[in-house]
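Fold and contact review
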Amino acid sequence: MSAPPADDGPVRAIDLPTAAATHDLGRALGARLRAGDVLILSGPLGAGKTALTQGIGAGLGVASGVVSPTFVIARVHTEGRVPLVHVDAYRLGGLGELDDLDLDVALADSVTVIEWGAGLAEALSEEYLRIDLARFEDAEDTEVRRAELRPCGGDWPQRVDAALAAVAGAAAAAPRHG
């Protein structure tokens, strides 16, 4: 396996004022994903990793609820247009344990989202999207998050930019109340 590529271009950052905005970003990304894609999510507890993955599932057409796989380590959702493999790598000791997961679908045939995967999952693919999520420490509203998207290889930069444009367009078109 070759070394992972360097990040492609500047980090793309977006502020997410609500859990719904985090979900919307995931949906926009999910609409642009295809078999073989790997997404690596990092951030502290409560940063929005599962909410983002729920949106990704929605963008892929996953009808069942996407919940954190904390206790089972991995969940496979096969009812979307592409299977979604959702992995929680927090308790995994290394890449070998990630490879040893007995999944019902091959990674090349699915979209794989790995929470807590930074520093571990990059070896799964030469092309991937890393998303770092954080809460604003000094914000009055603790729902406010920031996502930093780091495309690595392939056409990830273009797909990330298209997803961000879709989210920005939807936010601009949303009715204003108040």
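Residues numbered from 1 in each chain as written. Predicted model: local features only at pLDDT ≥ 70, side-chain atom pairs only at ≥ 80, totals over all residues. Heavy atoms only, no water.

Glancing now at helix α2 (residues 49-60). Taking 1.5 Å of rise per residue, 12 residues should cover 16 Å, and α2 covers 17 Å from first to last C-alpha, within 8% of that figure. Counting buried positions along α2 yields 10 of 12 residues, so the element is predominantly enclosed. If you check which residues of α2 are buried, you get K49, T50, A51, L52, T53, G55, I56, G57, G59 and L60. Those residues of α2 that are buried are in contact with α1 (19-30), β2 (38-42), β4 (84-88), β5 (111-115) and β6 (128-135). Positive backbone phi, at 90 degrees, marks G61, one or two positions downstream of α2. (Helix = DSSP H or I, 4+ residues; strand = E, 2+ residues; numbered from the N terminus. Expected span 1.5 Å × (residues − 1). Buried < 20%, exposed > 50% of the residue type's maximum accessible area, 1.4 Å probe, protein only. Contact = heavy atoms within 4.5 Å.)

Across its 12 residues, α1 extends 16 Å between first and last C-alpha, which sits within 8% of the 16 Å expected from 1.5 Å per residue. Those residues of α1 not exposed but buried are A21, T22, L25, G26, A28, L29 and G30.

As enumerated under the stated definition, the model contains eight salt bridges in all. For the salt bridge of R146 with D15, the shortest nitrogen-to-oxygen distance reads 2.7 Å. Linking R146 in strand β7 (residues 145-152) with D15 in strand β1 (residues 12-16), this pair joins segments that are 131 residues apart in sequence. Overall, the relative accessible area of 31% leaves R146 in the partly exposed class. The exposure class assigned to D15 is partly exposed, which follows from its relative accessible area of 40%. The salt bridge involving D132 is made with R150; its shortest N-O contact spans 2.7 Å. Of this pair, D132 sits in strand β6 while R150 is found in strand β7, placing the two residues 18 residues apart along the sequence. When sorted by exposure, D132 lands in the same class as R150, which is buried. By sharing partners, the salt bridges in this structure join R34, D37, D155 and R159 into a single network. (Salt bridge = Lys/Arg side-chain N within 4 Å of Asp/Glu carboxyl O.)

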